[in-house]
Amino acid sequence: MRDAVAASLSDIAYCMHEKKPRVMTPSEVFNAMSRRGAQGAAPQHLSVISGAVPLELSGTLFRVGPGRLRNYGLDYDHLFDGDGFVQRFSFSQGTVRFRSAYVETPQFTREKRHERPMYRSFGTNLPGGLLRNAFRFNLKNAANTTPLMVNGDLLVLWEGGAPHRINPQSLAYRGHWTGGGPLRSRTAVERIMGNGRPFSAHPKRIPGIPEIFNFGLSPGLRQRLLLYRVNPDTGAVQVSETVLPRLTFMHDFAVTSSGRRVFFDVGVAFHLLPAFAGLIPPAASIREDSNAQTIIRVFDNADQQQIIPGPSGYVFHIPNGYEEESEAGATVIVDTCWLQRFPETDDFHAMLNNRFPRNPLLPTLTRHRIDLTNNLVSSDELSEYSLELPAINPAFQGRRHRYIWGIAEPPTRRPAATMFGIAKVDTDVAHTTYRDYYPFILGEPVFVSSGNAEDEGYLLLLAFDPQDSQGLLLILRAENLEEAARLELPEATPLGFHGLWAGDEA
Ligand SMILES: [Fe+2]
């Protein structure tokens, strides 16, 4: 039944796009995009298919993601496992110069030399059963999640370990990044895992504060929450540690303009023994724990912690957080892409293998008001649309924002666990503007400001056109989601996770 609905929607969409009709379900589109393997492209100018690249766009966009999900015959079961691939777009005088390359880490290079998979991944065991997976903890650092500029290096982040450094112009590999030493493995478990100290894929730059904030979750039977401050000019890192009373899995956090950091420590259960024994990959050991209470951890600028009970659910991405002061005290407002529960690992496996997930989840943009005086939280939905991979105007990071953009899906959802449109949410009036791109599948939008108004600027995003198997760069006007330009990429690749507008820094 679901496939029938999808097929009819697909037909309609193709008619709307005036292309030859071909039935392709949303799952098939996702599968076709994900299973493409990137080769990498030499420097070249991109062709403009329609519109014109705005002259005011000047600077460099980086995008990072898995470049391939098949590694010497091994099909990865999880999006997080694909080998890190960087795409560089340099905007100047109405043209875009492009190049792309894999992050040639020592692990990547060793597998290339031997032409076989040699590392267990977060979401995929090695072929060969227990012999090759039991008690094998040195997972592959896929270097595939987020780009970050620090001290002339482009860092490629992966939340399970320390970043790798590459040349921001040539994309050539430079080495491990240790932040001047503090990201070297310290605990026994970190040393066994061999990837340095975990450094999350969601660092935050707050206007007016020179340091970059980030965190890491150091593994062990007693997890440690590592709070980082990074000097972007020298690359030096300061770390403070908090031992957590239970195991958790956190992907993102909020940082306010006063340096308060907010974490949603949510209820998940770890089934570690089968993962240690090599029966299941590590990702499959993390499951929903419906009995666990969400704990909101708020650290002030002096790293003092306040704990507030929170609503049940799960969150990957947090567009922003900010503070409001009143006579009644301080309130922290945090907007989140909120899920009802921790998703099943099989959802990723299903989508990558052209199966419909058993119980797919899509997040809802939800605002949490955290009353620090009375230790209370209230939560409200900001949009009836599902929204993920959110973006805001970076000038508003840490302070009160009005607009959030993201890939989106209307309330009358297509039967898929992914999204085929883009939305702008006006949080002041809870109004959503939506533009449908089905059957194109879209990646995360990156906001680039072009004026003083919060929504004056452009959204840069990658898209995959399944009919022509074509990769695209879309430039949209952020204010109204109108398409300013559409450019053709030399090869279609998985759309990847996160991007960075580096301006003239790279
Ligand atoms: Fe992320």
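Scope of this entry: the structure provided in the associated data block. (Residues numbered from 1 in each chain as written. Predicted model: local features only at pLDDT ≥ 70, side-chain atom pairs only at ≥ 80, totals over all residues. Heavy atoms only, no water.)

### Regarding the side chain of S100
Then comes step 1: Within the element layout of this structure, S100 appears in strand β7 (residues 95–102).
Then comes step 2: A polar contact is formed between the side chain of S100 and the backbone nitrogen of A41, at a distance of 2.9 Å. (Helix = DSSP H or I, 4+ residues; strand = E, 2+ residues; numbered from the N terminus. Polar contact = N/O pair within 3.5 Å; in protein donor to acceptor, adjacent residues only side chain to side chain.)

### Structural notes on helix α3 (residues 106–114)
Then comes step 1: All of the buried residues along α3 are Q107, F108 and E111. The arc enclosing the buried residues of α3, seen along the axis, measures out at 100 degrees, which places them on a common side.
Then comes step 2: Check the buried side of α3 and you find it contacts β3 (59–68), β4 (70–71), β6 (83–92) and β7.
Then comes step 3: In the segment just after α3, E115 is the residue with positive phi, at about 55 degrees. (Buried < 20%, exposed > 50% of the residue type's maximum accessible area, 1.4 Å probe, protein only. Arc of directions from axis to C-beta. Contact = heavy atoms within 4.5 Å.)

### Thoughts on unusual backbone geometry
Then comes step 1: Y438 connects to P439 through a cis peptide bond whose omega is 10 degrees.
Then comes step 2: Along the chain, P439 falls in the loop between β29 (431–436) and β30 (441–442).
Then comes step 3: Its identity is not glycine, yet Y72 carries a phi of approximately 45 degrees, on the positive side.
Then comes step 4: Positionally, Y72 belongs in the loop between β4 and β5 (74–75).
Then comes step 5: Exposure remark for Y72: the relative accessible area of 32% places this residue in the partly exposed category.
Then comes step 6: Despite not being glycine, A430 has its phi angle at roughly 50 degrees, a positive value.
Then comes step 7: Turning to its location among the elements, A430 is positioned in the loop between β28 (421–426) and β29.
Then comes step 8: When its relative accessible area of 40% is taken as the criterion, A430 is described as partly exposed.

### Points about the coordination of the iron ion
Then comes step 1: H202 (NE2), H251 (NE2), H317 (NE2) and H498 (NE2) make up the full set of protein donors to the iron ion, lying at 2.1 to 2.2 Å.
Then comes step 2: Around the iron ion, the four donor atoms are arranged such that angles at the metal cover 89 to 160 degrees; this shape is classified as irregular.
Then comes step 3: Each donor residue of the iron ion belongs to the same chain, with the gaps between them written as H-x48-H-x65-H-x180-H. One end of the pair, H202, is in the loop between α5 (188–193) and β12 (204–205); the other, H251, is in the loop between β15 (237–243) and β16 (254–255), with 49 residues separating them in the sequence. (Donors = N, O, S within 2.8 Å, 3.2 Å for Na, K, Ca; no water. Tetrahedral: all angles 85-135°; square planar, octahedral: opposite > 155°, others 65-115°.)

### Re the pattern of salt bridges
Between side chains of opposite charge, a pair can form when the charged atoms approach closely.
Then comes step 1: Counting across every chain of the model gives 26 salt bridges.
Then comes step 2: Its salt-bridge partner being E190, residue R197 comes within 3.0 Å of it at the nearest N-O pair. Considered together, R197 and E190 belong to a single accessibility category, that of buried residues.
Then comes step 3: Across the pair D428 and R400 runs a salt bridge whose closest N-O atoms are separated by 3.0 Å. In this pair, D428 sits in the loop between β28 and β29 while R400 sits in the loop between β26 (376–391) and β27 (403–409), placing the two residues 28 residues apart along the sequence.
Then comes step 4: For R400, a relative accessible area of 45% corresponds to the partly exposed category.
Then comes step 5: What emerges from the salt-bridge pattern is a single network uniting R68, D83, E111 and K140. (Salt bridge = Lys/Arg side-chain N within 4 Å of Asp/Glu carboxyl O.)

### Thoughts on the packing of aromatic side chains
For any two aromatic rings, the description comes down to two numbers: the centre-to-centre distance and the angle of the planes.
Then comes step 1: Evaluated as defined, the whole model comprises 24 aromatic pairs.
Then comes step 2: Measuring from ring centre to ring centre gives 5.3 Å for F253 and F263, while their planes differ by 25 degrees; the resulting arrangement is stacked. Taken together, the positions of F253 in the loop between β15 and β16 and F263 in strand β17 (residues 261–265) put the pair ten residues apart, joining distant regions of the chain. Neither F253 nor F263 differs from the other in exposure class; each is buried.
Then comes step 3: An aromatic cluster is present here, built from F80, F122, F249, Y314, F316, F342 and F497 joined pairwise through their rings.
Then comes step 4: In this arrangement the basic side chain of R399 is found over the ring face of F396, its NZ or CZ atom lying 4.5 Å from the centre.
Then comes step 5: Between K424 and the ring centre of Y403, over which it is positioned, the NZ or CZ distance is 4.4 Å. (Phe/Tyr/Trp six-rings, centres within 6.5 Å; stacked < 30°, edge-to-face > 60°. Lys NZ or Arg CZ within 6 Å of the ring centre and 35° of its normal.)

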